Amino acid sequence: MEHKRVLKTGLMLGFILFFVIMMAQAIIGSYTLTPKSTAEDLRALPLWQIPLVYIWDYAQHGWLCLGFAFTVSGLFAEFIPQRFMLRYMSSGKPISYLIAILLSPLFCVCSCTMVPIYAGLLYAGAGIGPALTFLYVAPANNLLADIVTIQVLGWQIAVADMMAAGVGAVLIGYVVSKTPWGKAFEQRYRKNPGNPGQVAAVELVKQPVDERLWSALKFGGHIAKQILPAFLVGLVIVSYFQAFFPEEYVEAYLTGPLGVVLAALLSGPLYTPTLIEVVLGKALVNLGMSPGATIAWLLGQPYDVPNSLSNYRIVGWKIVLVYDLLAFAVAVTSGLIYGLLIAGL
Amino acid sequence: MKKINAEVFGPDPPCVRCTAVKQNVEAVAKKLAAEGIEVEVKRRNIISEEVIQRYGILLSPALAVNGIVKIMGKVPDVAVVERLLREAL
């Protein structure tokens, strides 16, 4: 029995090391992991071939990035001290904002975990501020999306997006917590930060490392299974978009200050599965979208329709409305700042 | 007759992982039933004030045995679930 476990552990570690080392090599060697097909290349092909070529192009370059991203996401989800973080995030003190923006993106990659944690933060009395900060930043900055953004859109845009999302998350949480509706909602649950009865009801078992590694990789596989099908469908759509959408429209409407506002308006309500907004964003960039608008585009994700609906069911329409409007404002402002000060509108 | 109370916590509507946990627990329950141990398996909504106020913030999926959360945020293999249930005897 022991031999089997040692062998399995060795294989798992080998698997992980493979992706880490290959990825490090790719980064050091500046080997690009983004797809290379341009609109002209694609237009020259027969219609049915376009998505195939595009997907193959992406697969050839992107398998490493995605493999790395899924593996690392699984590892973080398993090995980050979650209880410790949840306790700090629910403490109701200012530090909870900081913990939320720095650490929650690391372990919340599965959307079925985010909503329970968000509701949990609210009902446990953590305050509407930290809860909304978490709700904003966990999907916006989640590890998987960050890794893919860096590879597809480049470091500069990715880092700017992450910073804007972090600052935006704290601002939104804080502002909503000062509104009358935010305060009213908070009052209902104020009584319970750190109820001692709760701590007694949870005694997590310690598991041996090999079990945890296996759990981590299983989770990575689960995320991959959840994300890849929709991702492929998205790539098919994006391939046609990249081939046929007129560049003139993108250059006319997605550049300059108008571009920032339009990008934020479009990408907000538009529901895109994880990663698709990054790939679609890249297609738009190839067609001429400005950097400022790209930032606004990326930041539209938190106020899409499904998120808003599920949020509404928990906190009511007033808070959701303020949240969505503030998220839109963050997207536009960040796009304008980035465009004007750094990379161009 | 020995009895164990198992609760699986997940969002409503249920997500893939929470369903997997429930299935694993039910598989072990069947095995233990053959040994004369009764395991009651219930599904609870993790997004409810009652659960949060009793157990604190939980990462879904979560599994509680006899009222104490033993594992959360992952899908335990059948072998792990069996270990957890037997430990509770």
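Rules used throughout
- Residues numbered from 1 in each chain as written.
- Chains lettered and ligands numbered in written order.
- Predicted model: local features only at pLDDT ≥ 70, side-chain atom pairs only at ≥ 80, totals over all residues.
- Helix = DSSP H or I, 4+ residues; strand = E, 2+ residues; numbered from the N terminus.
- Rg over C-alpha atoms; globule rule 2.2 N^0.38 Å.
- Contact = placed C-beta atoms within 7 Å.
- Pairing = 2+ DSSP bridges.
- Axes fitted to C-alpha atoms, helices over the stretch in contact; angles between N-to-C directions.
- Core = buried A, V, L, I, M, F, W, Y, C linked by C-beta atoms within 7 Å.
- Buried ≥ 20, exposed ≤ 12 C-beta atoms within 10 Å, placed from the backbone.
- Parallel < 35°, antiparallel > 145°, perpendicular 65-115°, else oblique.
- Left-handed = near helix turned anticlockwise from the far one by under 90°.
- Nonpolar A, V, L, I, M, F, W, Y, C, P; charged D, E, K, R; others polar.
- Right-handed = clockwise from strand over helix to strand, strands pointing away.
- Expected span 1.5 Å × (residues − 1).
- Bend = angle between axes of the 7 residues up to and from the residue.

Participant: Before we go on, may I ask you to explain the overall build of chain A in this structure?
Facilitator: Broken down by element type, chain A carries 18 helices and zero strands. Against the compact-globule benchmark of 20 Å for 345 residues, chain A has a radius of gyration of 21 Å, which places it among compact chains. Projecting the C-alpha coordinates of chain A onto the three principal axes gives extents of approximately 65 × 60 × 35 Å. In chain A, of all internal contacts separated by at least 6 residues, the share reaching a separation of at least 24 is 85%.

Participant: It is not clear to me how the sheet that holds strand β2 (residues 37-45) of chain B should be interpreted in this structure. Could you clarify?
Facilitator: Residue and element names in this part refer to chain B. With respect to topology, four strands assemble into an open sheet ordered β2-β1-β3-β4, the strand pairing being mixed. This sheet does not close on itself; its edge strands, each paired only once, are β2 and β4 (68-72). The sheet shows a mean angle of 25° between the axes of neighbouring strands, direction not considered. Two elements, strand β3 (residues 62-65) and β4, share four bridges in a ladder whose sense is antiparallel. Its bridge partner lying in β4, A62 is registered against M72. Of the strands in this sheet, β1 (2-10), β2 and β3 touch helix α1 (residues 16-33), which is tilted by about 165° from β2.

Participant: Got a minute to help me understand the nonpolar core in this structure?
Facilitator: Side chains of nonpolar character tend, in soluble globular proteins, to be buried together. Residues A:Y118, A:L121, A:F134, A:A296 and A:L299 are the most contacted members of the largest nonpolar core, which totals 135 residues. At twelve residues, the largest contribution of residues to this core is made by helix α3 (residues 49-79) of chain A.

Participant: Would you explain the packing of helix α16 (residues 291-298) of chain A against helix α18 (residues 317-343) of chain A in this entry?
Facilitator: Helix-helix packing is described using two parameters, namely the angle between the two axes and the distance between the axes. Residues and elements named next belong to chain A. Between α16 and α18, the least distance of the axes is 7 Å, while the angle of their chain directions is 155°. Taken together, the axis directions place α16 and α18 in an arrangement best described as roughly antiparallel. Crossing handedness for the pair α16 and α18: right-handed. From α16, P291, G292, A293, I295 and A296 reach across to α18, where they touch A331, V332, S334, G335, L336, Y338, G339 and A343. Classifying every residue of the contact of α16 with α18 by side-chain character gives nine nonpolar, four polar and no charged.

Participant: What should I look at first to understand the pairing of β1(B) in this one?
Facilitator: Both faces of the sheet carry side chains from a regular strand, because those side chains alternate between them. Residues and elements named next belong to chain B. Strand direction decides the pairing type here: β1 and β2, joined by nine bridges, are parallel. The partner of F9 across the bridge, within β2, is R44. A crossover connection joins β1 to the parallel β2 through α1; in handedness this β-α-β unit is right-handed. As defined by bridge partners, β1 adjoins β3 across four bridges and the pair is classed as antiparallel. Looking at β3, one finds that V8 is bridged to L63.

Participant: Explain helix α6 (residues 111-123) of chain A to me, please; I cannot follow it from the model alone.
Facilitator: Three- or four-residue spacings in an α-helix give side chains the same orientation, since the helix completes a turn every 3.6 residues. Taking 1.5 Å as the rise per residue, α6(A) with 13 residues should run 18 Å; its terminal C-alpha atoms sit 19 Å apart, in good agreement. Along α6(A), the residues that are buried comprise A:T113, A:M114, A:V115, A:P116, A:I117, A:Y118, A:A119, A:G120, A:L121, A:L122 and A:Y123. Those residues of α6(A) hidden inside the fold are in contact with α4 (82-89), α7 (128-140), α10 (180-189) and α17 (305-315) of chain A together with α2 (49-55) of chain B. Residue A:G125 follows α6(A) closely and has a positive phi angle near 90°.

Participant: Would you mind showing me how to read helix α5 (residues 95-107) of chain A here?
Facilitator: Residue and element names in this part refer to chain A. Under the 1.5 Å per step criterion, the end-to-end length of α5 is 18 Å for 13 residues, consistent within 8% with the ideal 18 Å. Remark: the principal bend of α5, roughly 35°, maps to I101, with a proline, P105, within the next four residues. Of all 13 residues making up α5, ten are buried, and the element is well covered by its neighbours. Looking at α5, one finds that the buried residues are S96, Y97, I99, A100, I101, L103, S104, P105, L106 and F107. Turning to α5, the residues buried within the fold contact α3, α4, α7, α8 (143-153) and α9 (155-178).

Participant: Just to check I follow, could you spell out the interface of chain B and chain A for this structure?
Facilitator: Taken residue by residue, the interface counts 26 residues in chain B and 28 residues in chain A. Of all the secondary structure elements, the ones that give two or more residues to the side of chain B that touches chain A are α2, β4 and α3 (78-87) of chain B. Classifying every residue of the side of chain B that touches chain A by side-chain character gives 16 nonpolar, five polar and five charged.

Participant: Help me understand the packing of α6(A) against α7(A) in this model?
Facilitator: Residue and element names in this part refer to chain A. The N-to-C vectors of α6 and α7 enclose an angle of 170°; their axes lie 8 Å apart at closest approach. Compared by their axis directions, α6 and α7 come out roughly antiparallel. Between α6 and α7 lies a crossing of right-handed hand. Where α6 abuts α7, its residues M114, I117, Y118, L121 and L122 lie against I128, P130, A131, F134, L135, A138 and P139. Looking at the contact of α6 with α7 residue by residue, the class counts come to twelve nonpolar, no polar and no charged.

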